[in-house]
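Analysis of the macromolecular model
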Amino acid sequence: SYTLAGVKGDDARVQAAVKWIADNWTLAVNPGSDPALGEKVRYQGLFYYYMVLAQALDSAQVATVKITTKDDKGNAKNEDVDWRKALRTHLEGLQQADGTWVNGKNDRWMEGLPLLCTCYAMTALELCK
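Because the structure is a prediction, the values reported are computed rather than measured. Chains are numbered independently. Their residues run from 1 in the order of the written sequence. Since the coordinates come from a predicted model, pLDDT governs what is reported: local features require at least 70, and pairs of side-chain atoms require 80 or more to be given and counted, while whole-chain, interface and lining totals use all residues. Where side-chain values are given, they derive from all heavy atoms of the structure, hydrogens and water being excluded.

This part is about the overall build of the protein chain. Under the scheme used here, helices are H or I runs from DSSP no shorter than 4 residues and strands are E runs no shorter than 2 residues, and both carry numbers assigned from the N terminus. The number of helices and strands found in the protein chain is four helices and two strands. From first element to last, N terminus to C terminus, the protein chain shows the α and β order α-α-β-β-α-α. This radius of gyration counts C-alpha atoms alone. The globule rule is 2.2 Å times how many residues there are, raised to the power 0.38. For 129 residues, the compact-globule estimate of 2.2 N^0.38 gives 14 Å, and the protein chain sits close to it at 15 Å. Over its C-alpha atoms, taken along the principal directions, the protein chain stretches across nearly 40 × 40 × 30 Å. Counting all 129 residues of the protein chain, 35% fall into the buried class. For the protein chain, the proportion of contacts with a sequence separation of at least 24, taken over those separated by at least 6, is 50%. When charges are counted, Lys and Arg are positive and Asp and Glu negative, with His and the chain ends excluded. Working definition for charges: the position is that of NZ of Lys, CZ of Arg, CG of Asp or CD of Glu. Taking the average place of the 15 positive charges on the side chains of the protein chain and the average place of its 16 negative ones, the gap between the two points comes to 2 Å. The buried label goes to any residue with under 20% of its type's maximum accessible area, the exposed label to any with over 50%, and the partly exposed label to all in between, with areas taken from a 1.4 Å probe on protein chains only. Contacts are assigned to residue pairs with any non-hydrogen atoms lying within 4.5 Å of each other.

Attention now goes to the packing of helix α3 (residues 83-94) against helix α4 (residues 114-126). Describing two packed helices takes the angle between their axes plus the distance from one axis to the other. It is at 10 Å that the axes of α3 and α4 come closest, and there the two elements cross at 150 degrees. Comparing their axes, α4 and α3 come out roughly antiparallel. Along this stretch, α3 crosses α4, giving a crossing that reads as left-handed. Listed contacts from α4 to Leu87, Arg88 and Leu91 of α3 are Ala121, Ala124 and Leu125. Polarity classes work like this: nonpolar for Ala, Val, Leu, Ile, Met, Phe, Trp, Tyr, Cys and Pro, charged for Asp, Glu, Lys and Arg, and polar for all others, with Gly in that last group. Counted by class, the contact of α3 with α4 contains five nonpolar, no polar and one charged residues. A fitted line through C-alpha atoms serves as each axis, taken over the contacting stretch for helices, and the angle formed by two N-to-C directions is quoted from 0 to 180°. Orientation is classified from the angle alone, with under 35 degrees giving roughly parallel, over 145 giving roughly antiparallel, 65 to 115 giving roughly perpendicular, and any other angle giving oblique. Less than a right angle of anticlockwise turn of the near helix away from the far helix marks a crossing as left-handed, whereas a clockwise turn marks it as right-handed.

Now the structure itself:
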């Protein structure tokens, strides 16, 4: 939202948003959900999340997301994630046999409709070039 309003990518507010993405990096679930509300809630708005994630990182001109993971021994390890490649690969794996996408884990906000999820996925993929 900041970049769409004309705020530059190096602005502290944009950088804070990028840091939040890095600190909460996942493509498995919507990281903005409240885990106290149960497992299913983690998947609501998932395809909208993919689209907005791609729009935000692209407009902030972020090429890689710097995340911290843990190795087998629990030691922290820094990693640069090529978000475009990661998101593209993830969405390719979710594509249905008929070429559409659908949120089969939570249909809230009409994400049970292939037309809507396919639009979200294609918008995200357009930014993953």
